[in-house]
Amino acid sequence: MNQMEFTQEQKLYAEIVQKAWEDASFKQELIANPVAAIEKLTGKKMNLPEGKTLIVRDQTDESTVYINIPAASKKVDDVELNEEQLEAVAGGIEGPGGCTPTFPFPGPWTPLPILPELY
């Protein structure tokens, strides 16, 4: 499997997940008030677009399987995955610290539009 170059958004996502795995109080704060928790972690202001809400769900319970239903795109029939995306979906995506997450990871990766403003 080729090592993918991680974007700033992916690095931040991995940092947030790793912190939530290691720090129960951060995880609870992240679930209760994600914007404030991320701002506190990064030391930078998040500018959530008007009308958008950031929701964090704790999916660490291995006895539960979660399915994420994303917003429907207008041209779903025209979507084709490139080789890198197919490989990521088929082989899993490496998470923080080089480990493969045990929870279903949505693919292909779609960077959150709110995160680039942090860097």
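Computed from a predicted model, the values in this text were never measured in an experiment. (Residues numbered from 1 in each chain as written. Predicted model: local features only at pLDDT ≥ 70, side-chain atom pairs only at ≥ 80, totals over all residues. Heavy atoms only, no water.)

K.L.:
Account for the packing of aromatic side chains, naming residues and giving values.
P.N.:
Evaluated as defined, the whole model comprises 0 aromatic pairs. Taking the ring centre of Phe26 as reference, the NZ or CZ of Lys19 above it sits at 6.0 Å. (Phe/Tyr/Trp six-rings, centres within 6.5 Å; stacked < 30°, edge-to-face > 60°. Lys NZ or Arg CZ within 6 Å of the ring centre and 35° of its normal.)

K.L.:
Can you tell me about the packing of helix α1 (residues 8-22) against helix α3 (residues 34-42), naming the residues and giving the values?
P.N.:
How two helices sit against one another is set out by the angle between their axes and by the gap between those axes. Two elements in contact, α1 and α3, have axes whose closest approach is 11 Å; the angle formed by their N-to-C orientations is 100°. It follows that α1 is roughly perpendicular to α3 by the angle criterion. Two secondary-structure elements touch here, α1 through Leu12, Glu15, Ile16 and Lys19 and α3 through Ile38, Leu41 and Thr42. Looking at side-chain class alone, the contact of α1 with α3 contains 4 nonpolar, 1 polar and 2 charged residues. (Axes fitted to C-alpha atoms, helices over the stretch in contact; angles between N-to-C directions. Helix = DSSP H or I, 4+ residues; strand = E, 2+ residues; numbered from the N terminus. Parallel < 35°, antiparallel > 145°, perpendicular 65-115°, else oblique. Contact = heavy atoms within 4.5 Å. Nonpolar A, V, L, I, M, F, W, Y, C, P; charged D, E, K, R; others polar.)

K.L.:
Tell me about the environment of Lys27, residues and numbers included.
P.N.:
Within the secondary structure layout, Lys27 lies in helix α2 (residues 24-32). We classify Lys27 as buried; its relative accessible area is 18%. A C-alpha to C-alpha distance of 8.7 Å links Lys27 and Ala37, two positions 10 residues apart in sequence. (Buried < 20%, exposed > 50% of the residue type's maximum accessible area, 1.4 Å probe, protein only.)

K.L.:
How would you sum up the nonpolar core? Please name residues and give values.
P.N.:
Counting residues in each nonpolar core, the largest one holds 8 residues, listed as Leu12, Ile16, Ala20, Phe26, Leu30, Ala37, Ile38 and Met46. Only α1, α2 and α3 provide two or more residues apiece to this core. Broken down by element, the residue count for this core peaks at 3 residues, all from α1. (Core = buried A, V, L, I, M, F, W, Y, C linked by side-chain atoms within 4.5 Å.)

K.L.:
Before we move on, could you go through the pattern of salt bridges and cite the residues and values that matter?
P.N.:
If you walk through the whole model with that rule in mind, you get 4 salt bridges. With a shortest N-O distance of 3.7 Å, Lys40 and Glu29 are connected by a salt bridge. Highlighted residues: Lys40 in helix α3 and Glu29 in helix α2, separated in sequence by 11 residues. For Lys40, a relative accessible area of 63% puts it in the exposed group. (Salt bridge = Lys/Arg side-chain N within 4 Å of Asp/Glu carboxyl O.)

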